[in-house]
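A closer look at the structure
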Amino acid sequence: MIDVAIVGAGPAGMTAALELQKLGLSTTVIDDQPAPGGRIFANIEQRPAHGAEDRSGAALVRRFRQMGGDYRPASEVWQIEPGPRLFLSSSGQAQMIEPRFILMATGAQERPMPFPGWQLPGVMTVGAAQILLKTARQIPDKPVWLAGSGPLLLLYMHQLIAAGGMVEGILDTSPSGRIITAARALPGAITYGWRDLLRGLAWQWQSRSIKVVRGITSLQARGGDKLSHVTYSTDDGQIGEIATELLFIHDGVVPGLHGTIAAGCDHRWNEAEQCFEPILDTFGRTSVETIFAAGDGATIGGARAATLSGRLAAIGIARAAGTMSSEQAETAAKPVRRGLAKAARFRHFVDALYPPVKMALPDETITCRCEEVTARDIRAALKNEAHLGPDGIKIATRAGMGPCQGRQCGASLTRLVREAHGGAPDAIGFLRIRPPLKPLTLGELATLDSGI
Ligand SMILES: Cc1cc2nc3c(=O)[nH]c(=O)nc-3n(C[C@H](O)[C@H](O)[C@H](O)COP(=O)(O)OP(=O)(O)OC[C@H]3O[C@@H](n4cnc5c(N)ncnc54)[C@H](O)[C@@H]3O)c2cc1C
């Protein structure tokens with residue numbers, strides 16, 4: 001029997017695997033990407049490492065490769081159960097694994113940013129554009145407009161320009177007054193992240209050569225079968241229009257929760273980041289005793305915090321497995337927790353500087369893109385049947401039933417229920433997640449073999 005199945009080979013999962021091996025526990029690391037590195041270090045073995053962060057990521061990937069444990073790239077985990085038990089598919093073959101513990105290190109997803117026309121060809125997320133740049137060196141051959149806010153948006157701008165692409169302008173959704181709020185959180189951020197702050201300042205400086213429209217409060221992407229124009233309004237009452245065929249949008253990142261929700265772990269609402277997160281104890285253990293979570297899939301902290309929380313979860317698992325005493329685990333965890341506390345102060349600064357976008361959700365917005373359900377449809381369902389929560393809306397309208405399994409519309413459903421009935425998000429909750437977490441063919445399901 002495997003001791004620990006780790007889902008995700010990003011900084012959190014790779015660090016946890018290395019630590020667990022040192023602590024004498026066997027691991028299987030499952031990741032849907034073709035190579036280790038996760039999002040930040042995607043394709044790091046094939047591309048030049050730029051800067052200290054990339055170099056440390058490349059070194060981590062090398063150590064992970066040299067570790068020689070059971071690593072399954074290009075394998076999708078499509079169900080997780082409290083047993084613990086997980087189901088995965090690799091090269092068309094499905095398999096069930098029943099390890100002693102599962103560590104969810106599945107990372108973040110971009111926070112969905114719905115507005116009318118966001119489904120048009122030509123509109124895509126900055127994260128998706130960045131993956132194309134990092135893994136396939138795809139550089140748009142036309143000038144790009146960026147919309148939204150957050151460090152990833154500025155990083156992509158910098159990376160695209162460095163790669164020879166053209167950024168025509170930014171539609172900046174950051175609210176005015178945020179600099180003053182963020183300044184209060186700056187002292188807590190400096191010790192942990194002064195390098196990141198300097199990098200951020202350099203990107204801001206670079207954006208001075210680009211047209212920036214500030215205070216965006218609404219967006220509409222227009223066009224026939226693809227994007228041709230974007231209209232916007234600003235907080236000082238201006239209305240504008242730009243002609244563009246490419247609009248890349250971004251509104252920060254949130255934990256990817258499908259695995260921990262499917263496994264029955266408890267979650268709570270994070271008001272500052274406007275998202276749900278799994279509830280963890282001081283060692284990264286979820287409310288399901290045999291399931292731990294680390295990295296951006298647990299709480300957003302960035303790559304360095306992900307390595308720290310991967311280490312903490314490894315210590316917690318060793319303690320739960322009995323290979324470390326509680327005293328040994330507490331001693332080992334102390335410096336890691338100190339590092340995580342510093343990372344949290346840095347995150348507090350970033351949250352203040354780039355708060356989630358507060359744009360209206362007009363009726364015509366296609367909220368569930370898979371099933372083409374508009375905000376109007378959902379509001380109508382809520383009016384007709386006032387008791388509906390996110391799962392009731394799903395049944396009534398099919399929103400959340402498509403291949404993305406609510407990754408794009410789940411947060412909007414919670415938001416629209418709150419708008420209609422009031423109440424705290426913790427009471428409203430998120431969509432219940434059903435298997436499969438990722439699309440699976442019947443043929444694959446039929447190959448299911450109960451494995452290790
Ligand atoms: C699109 C995107 C781009 C980003 N780019 C950057 C960047 O350039 N710089 C930066 O500082 N931060 C970036 N971030 C933030 C980044 O997530 C963290 O800094 C860091 O990568 C978190 O590490 P992690 O180990 O928690 O997760 P990740 O690095 O995200 O690793 C998680 C891994 O789990 C895999 N996975 C998820 N679900 C499953 C499943 N069901 N089955 C199998 N495998 C699964 C994922 O594909 C991924 O390989 C990005 C985030 C996103 C969402």
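This is a predicted model, so every value here is computed, not measured.

On to the site of the ligand. In the vicinity of the ligand there are 32 residues, among which Ala12, Asp31, Asp32, Gln130 and Asp296 approach most closely. The separation between an oxygen atom of the ligand and a polar main-chain atom of Arg39 is 2.9 Å. In this structure, a nitrogen atom belonging to the ligand sits 3.0 Å away from a main-chain N or O atom of Val77. Burial of the ligand by the protein amounts to 92% of the accessible area it has alone, namely 980 Å². Of all the secondary-structure elements, those providing two or more residues to the shell around the ligand are helix H1 (11-22), strand E4 (75-81), strand E8 (108-110), helix H3 (126-136), helix H4 (151-162) and helix H7 (303-321). Partitioned by chemical class, the residues of the shell around the ligand number 13 nonpolar, twelve polar and seven charged. Counting contributing residues, the shell around the ligand receives three or more from each of domain 1 (4-107 + 256-324) and domain 2 (111-252).

Further remarks concern the domain arrangement of the protein chain. Partitioning the protein chain into structural domains gives domain 1 (4-107 + 256-324), domain 2 (111-252) and domain 3 (366-428). Between domain 1 and domain 2, the C-alpha centre-to-centre distance is 29 Å. Each side of the interface is counted separately: domain 1 has ten residues, and domain 2 has seven residues. Each partner contributes to the roughly 730 Å² buried at the junction of domain 1 and domain 2, and carbon and sulfur atoms together form 37% of this total. If you sort the residues of domain 1 by the area they bury against domain 2, Asn43, Glu53 and Arg304 come out on top, with a joint share of 48%. Taken together, the connections running from domain 1 to domain 2 amount to two salt bridges. Across the pair Asp196 and Arg304 runs a salt bridge whose closest N-O atoms are separated by 3.2 Å. For the interface between domain 1 and domain 2, the tally reads eight residue pairs in polar contact (both at pLDDT 80 or more). Here the residues of the side of domain 1 that touches domain 2 are counted per class, giving three nonpolar, two polar and five charged.

The next subject is the sheet that holds strand E13 (residues 216-222). Taken in spatial order, the three strands of this open sheet run E13-E14-E15, and their pairing is antiparallel. With one partner strand each, in any of the chains shown, E13 and strand E15 (239-243) form the two edges of the open sheet. Across the sheet, the mean angle separating the axes of adjacent strands is 20° when strand polarity is ignored. Judged from the six bridges that link them, E13 and strand E14 (residues 229-234) form a sheet pairing that is antiparallel. Paired with Gln220 across the two strands is Thr231, which belongs to E14.

This next bit is on the pairing of strand E5 (residues 85-90). Looking at chain direction, E4 and E5 are connected through six bridges and run antiparallel. Among the inter-strand pairings, Val77 is bridged to a residue of E5, identified as Leu88. From the end of E4 to the start of E5, which pair antiparallel, there are three residues. Of the strand pairs in this sheet, E5 and strand E6 (residues 93-97) are connected by five bridges, and their pairing is antiparallel. Pairing of Ser89 across the sheet is with Ala94, part of E6. Linkage of E5 to E6, two consecutive antiparallel strands, is achieved through a turn of two residues, within which Ser91 is found at a positive phi near 45°.

Turning next to a positive patch on the surface. Side chains of Lys334, Arg338, Lys342 and Arg345 sit close together on the surface and give a patch of like positive charge. Look at Arg345 and you get partly exposed, because its relative accessible area is 41%.

The next point concerns the packing of aromatic side chains. Enumeration according to the criterion identifies eight aromatic pairs in this entry. Aromatic side chains Phe64 and Tyr71 sit 5.2 Å apart centroid to centroid with 80° between the ring planes, which places their arrangement in the edge-to-face category. Neither residue differs from the other here; Phe64 and Tyr71 are each classed as buried. Both rings, one in Trp78 and one in Phe87, keep their centres 5.3 Å apart while their planes meet at 35°; by these two values the pair is tilted. Neither Trp78 nor Phe87 differs from the other in exposure class; each is buried. A cation over an aromatic ring shows up here: Arg304 above the ring of Tyr192, its NZ or CZ 4.1 Å from the ring centre. The positively charged end of Arg369 is found above the aromatic ring belonging to Trp118, 4.5 Å away from the centroid.

Cut-offs applied
Residues numbered from 1 in each chain as written. Predicted model: local features only at pLDDT ≥ 70, side-chain atom pairs only at ≥ 80, totals over all residues. Heavy atoms only, no water. Near = heavy atom within 4 Å. Polar contact = N/O pair within 3.5 Å; in protein donor to acceptor, adjacent residues only side chain to side chain. Areas by Shrake-Rupley, 256 points an atom, 1.4 Å probe, with all protein chains shown as cover. Helix = DSSP H or I, 4+ residues; strand = E, 2+ residues; numbered from the N terminus. Nonpolar A, V, L, I, M, F, W, Y, C, P; charged D, E, K, R; others polar. Domains from an automatic or database assignment. Contact = heavy atoms within 4.5 Å. Buried area = accessible area lost by both parts, 1.4 Å probe. Salt bridge = Lys/Arg side-chain N within 4 Å of Asp/Glu carboxyl O. Pairing = 2+ DSSP bridges. Axes fitted to C-alpha atoms, helices over the stretch in contact; angles between N-to-C directions. Patch = residues over 30% accessible without salt bridge, like charges linked within 9 Å, V, L, I, M, F, W, Y side chains within 5 Å. Lys, Arg positive; Asp, Glu negative; His and termini not counted. Charge placed at Lys NZ, Arg CZ, Asp CG, Glu CD. Buried < 20%, exposed > 50% of the residue type's maximum accessible area, 1.4 Å probe, protein only. Phe/Tyr/Trp six-rings, centres within 6.5 Å; stacked < 30°, edge-to-face > 60°. Lys NZ or Arg CZ within 6 Å of the ring centre and 35° of its normal.

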